[in-house]
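Examining the three-dimensional arrangement
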Amino acid sequence: MLSLNDPFLTKQGGTPIQRPVNLLHIKPDTKDGDVWKWSFDIQRELPMNTSLTVGYVGSKGTHTGNSIGNYNDAPPSSDTNFQARRPFQQFFDPALPQLGVQTLGNIRYLDSYGNSFHHGLQVRVDKRFAKGVAFGVAYAFSKSHGDGENGGQEGADYQDPRNRLASRGRFRFDQRHNYVAHYVWELPGSHLAGPLKHILGGWQSNGILSMRTGFPFTVGGGTLNTGGGGRPDRIADGRLDNPTRLKMFEPQAFLRTTCNIPGRQDRCHFGTAGVNILEAPAQHNFDFSMFKNFALPERHKIQFRSEFFNAFNTPYFGQPNGIGFSTNDSIVPDGTRMAESRGLRTPMRIVQFGLKLFF
């Protein structure tokens, strides 16, 4: 029974439960998000049934839904008992008075204070289908950034959960350059006479070329005894002019932040490296197909399809490893396989064949 004589339920004849309880907190003034979008473009008709479009697209989102999964993390300290240093230590739940005042662990904090931004230049050239040929080229130079888990940055865990601006940066889905070209070409031969019409006619070639810069990612590397993760200090740019799969960025551009090295308390602080400051490998992909159309009576036809996805078998590497340290006292990254990309975002070449009946 809860009473003022025993508010923490320590005299109930047994050992009190000290296990911290995690909570979900939703701000009572949560607002619906809103997004403002604007665009402007100029179109020009060009010779040979071709058109050119140049435009600008922008957007601004406010009251974006946000989740801070580690709002009750402790500040950096050499004291490894982060539970005793949490900003909020205890709570009382009126709906469960029999539990008394409970020890508070982590707080997942939901609010609607996030912001998002997008600005982009878009250029497009299209040739309408004529004389058996159609093609198009599109290029976008853009940036999507902001703050908040809903925008896709650090996820729900912040380095400093009570400093939102320190986690503002590019969104994880942002791709700075995006180029796509496509074509459809009905090969000549349909108007030939005799057997050649059936051999050379009815063929169609299609292709899509995609070239995109990589997705941004965050470099981790902090041991700050906060109950969560941390980022390192950034002392150089870190980007390489000619990255390879084995080394996508320069690990020595970062220094470890840690509170666990005696005599190096100068390293005990939140890291200066920002969110999503480096880019994963880019994508270069070509999809190709060849179709053969066979005419049937009554406007029916059969189409034989051969399709080659990632026709040139170009690997699209995934996000590289982060930095590592060989000992607990290492400050400069010296781990193994740092900055190495060891996986693929998309499969290698896929070839498939099929028949399609039109009726």
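Please refer to the structure placed before this passage.
1. Here's the deal with a nonpolar patch on the surface
- The grouping of Phe294, Leu296, Ile302, Phe304, Val351, Phe353, Leu355, Leu357 and Phe359 at the surface amounts to a nonpolar patch, some 930 Å² of accessible area in total.
- Every element with two or more residues in the nonpolar patch is listed here: strand 18 (283-296), strand 19 (300-309) and strand 20 (350-358).
- If one sorts the elements of the nonpolar patch by residue count, strand 20 sits on top with four residues.
- With respect to the element layout, Ile302 can be found in strand 19.
- On the basis of relative accessibility, which here comes to 30%, the residue Ile302 falls in the partly exposed class.

2. Considerations on the pairing of strand 18
- In terms of strand pairing, strand 9 (residues 203-212) meets strand 18 through 10 bridges, oriented antiparallel. Across the sheet, Asn206 pairs through a bridge with Ser289, a residue of strand 18.
- Across nine bridges, strand 18 lies against strand 19 in antiparallel orientation. Bridging from a neighbouring strand, Phe291 pairs with Arg305 of strand 19.
- Linking strand 18 back to strand 19 in an antiparallel pair, the connection comprises three residues, with Glu298 at a positive phi of about 55°.

3. Thoughts on the state of the cysteines
- Considering all chains together, one arrives at one disulfide under this definition.
- Disulfide pairing is shown between Cys259 and Cys268; the S-S distance is 2.0 Å. Between Cys259 and Cys268, the S-S torsion sits near 85°, and that sign places the bridge as right-handed.
- In this structure Cys268 comes out as buried when scored by relative accessible area, which is 17%.

4. With respect to the nonpolar core
- Of all hydrophobic cores here, the largest spans 13 residues; its most connected members are Phe217, Val219, Phe249, Phe254, Ile277, Leu278 and Ile323.
- Apart from residues lying up to four places away in sequence, Phe249 is in contact with Phe217, Val219, Gly238, Leu240, Phe254, Leu278, Pro320, Asn321, Gly322, Ile323 and Ala339.
- If you look at the next biggest cluster of nonpolar residues, it comprises seven residues, including Ile68, Tyr71, Ile107 and Tyr158.

5. Some remarks on the pairing of strand 6 (residues 133-147)
- As paired strands, strand 5 (residues 101-130) and strand 6 are joined by 14 bridges and run antiparallel to one another. Within strand 6, the position partnered with Asn115 by the bridge is Asp147.
- Counting the residues between successive antiparallel strands, the hairpin from strand 5 to strand 6 contains two residues, one of them, Lys131, with a positive phi of roughly 55°.
- Here strand 6 runs beside strand 8 (residues 177-186); their pairing, made up of nine bridges, is antiparallel. Residue pairing across strands places Val133 opposite Trp185, the latter belonging to strand 8.
- Where strand 6 and strand 7 (residues 169-170) come together, two bridges link them in antiparallel fashion.

Criteria and cut-off values
- Residues numbered from 1 in each chain as written.
- Predicted model: local features only at pLDDT ≥ 70, side-chain atom pairs only at ≥ 80, totals over all residues.
- Heavy atoms only, no water.
- Patch = residues over 30% accessible without salt bridge, like charges linked within 9 Å, V, L, I, M, F, W, Y side chains within 5 Å.
- Areas by Shrake-Rupley, 256 points an atom, 1.4 Å probe, with all protein chains shown as cover.
- Salt bridge = Lys/Arg side-chain N within 4 Å of Asp/Glu carboxyl O.
- Helix = DSSP H or I, 4+ residues; strand = E, 2+ residues; numbered from the N terminus.
- Buried < 20%, exposed > 50% of the residue type's maximum accessible area, 1.4 Å probe, protein only.
- Pairing = 2+ DSSP bridges.
- Disulfide = S-S within 2.5 Å.
- Core = buried A, V, L, I, M, F, W, Y, C linked by side-chain atoms within 4.5 Å.
- Contact = heavy atoms within 4.5 Å.

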